[in-house]
Amino acid sequence: VLPRSMEDLLQNNCIQCSINGVPILAQIATANEATIMSPLFARRCHLLNSVDERVIGVGVGLGESKIMGRIHSSDIEIKGHKLPIQFTLIQNLGIEVALGMDFLSREKCILDFEK
């Protein structure tokens, strides 16, 4: 059981957005170099035909995951703003979408965990 403050942080560590018109609560993942997506969510967004399967391999971090490809060009809508985004597809992700530092730094996002 997590302390109440940790539960709040985990719940607040997400942002409501939509990808290809599909609403999602995306995790903000400052520990991730790349923005990642599950293949199941890519299917829901009708993006599987956009996957570059030449970009495959193994992602290493807190364990290993199979990289199934990359979606080089898509849009994410956050609070009415459409922004370009790339996704790396990760097998057995456990979450649908995590916004990594590639996206967060390019868009100059400011994270305030107090508010």
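Model, not experiment: these values are computed from the prediction. (Residues numbered from 1 in each chain as written. Predicted model: local features only at pLDDT ≥ 70, side-chain atom pairs only at ≥ 80, totals over all residues. Heavy atoms only, no water.)

Q: What's the story with the pattern of salt bridges in this structure? I'm lost.
A: Should their charged atoms come close, side chains of opposite charge can pair. Tallied over the full model, the rule gives three salt bridges. Residues Arg-54 and Asp-52 are paired through a salt bridge, measuring 2.9 Å at the closest nitrogen-oxygen approach. Residues Arg-106 and Glu-107 are paired through a salt bridge, measuring 3.5 Å at the closest nitrogen-oxygen approach. For Arg-106, a relative accessible area of 41% corresponds to the partly exposed category. (Salt bridge = Lys/Arg side-chain N within 4 Å of Asp/Glu carboxyl O. Buried < 20%, exposed > 50% of the residue type's maximum accessible area, 1.4 Å probe, protein only.)

Q: When you look at unusual backbone geometry in this model, what are you seeing that I'm missing?
A: Negative phi characterises most residues that are not glycine, and trans characterises most peptide bonds. Here the phi dihedral of Asn-20 falls at roughly 55°; this positive angle occurs in a residue that is not glycine. Within the element layout of this structure, Asn-20 appears in the loop between β1 (14-19) and β2 (22-28). Judged by its relative accessible area of 45%, Asn-20 falls in the partly exposed class. Unusually for a residue other than glycine, His-46 sits at a positive phi of about 60°. (Helix = DSSP H or I, 4+ residues; strand = E, 2+ residues; numbered from the N terminus.)

Q: When you look at the pairing of β1 in this model, what are you seeing that I'm missing?
A: Each regular strand shows side chains that alternate between the opposite faces of the sheet. Sheet topology places β1 next to β2; six bridges connect them, and they run antiparallel. From the neighbouring strand, Gln-16 faces β2, where its bridge partner is Leu-25. Between β1 and β2, which pair antiparallel in sequence order, lie two residues; one of them, Asn-20, sits at a positive phi of approximately 55°. (Pairing = 2+ DSSP bridges.)

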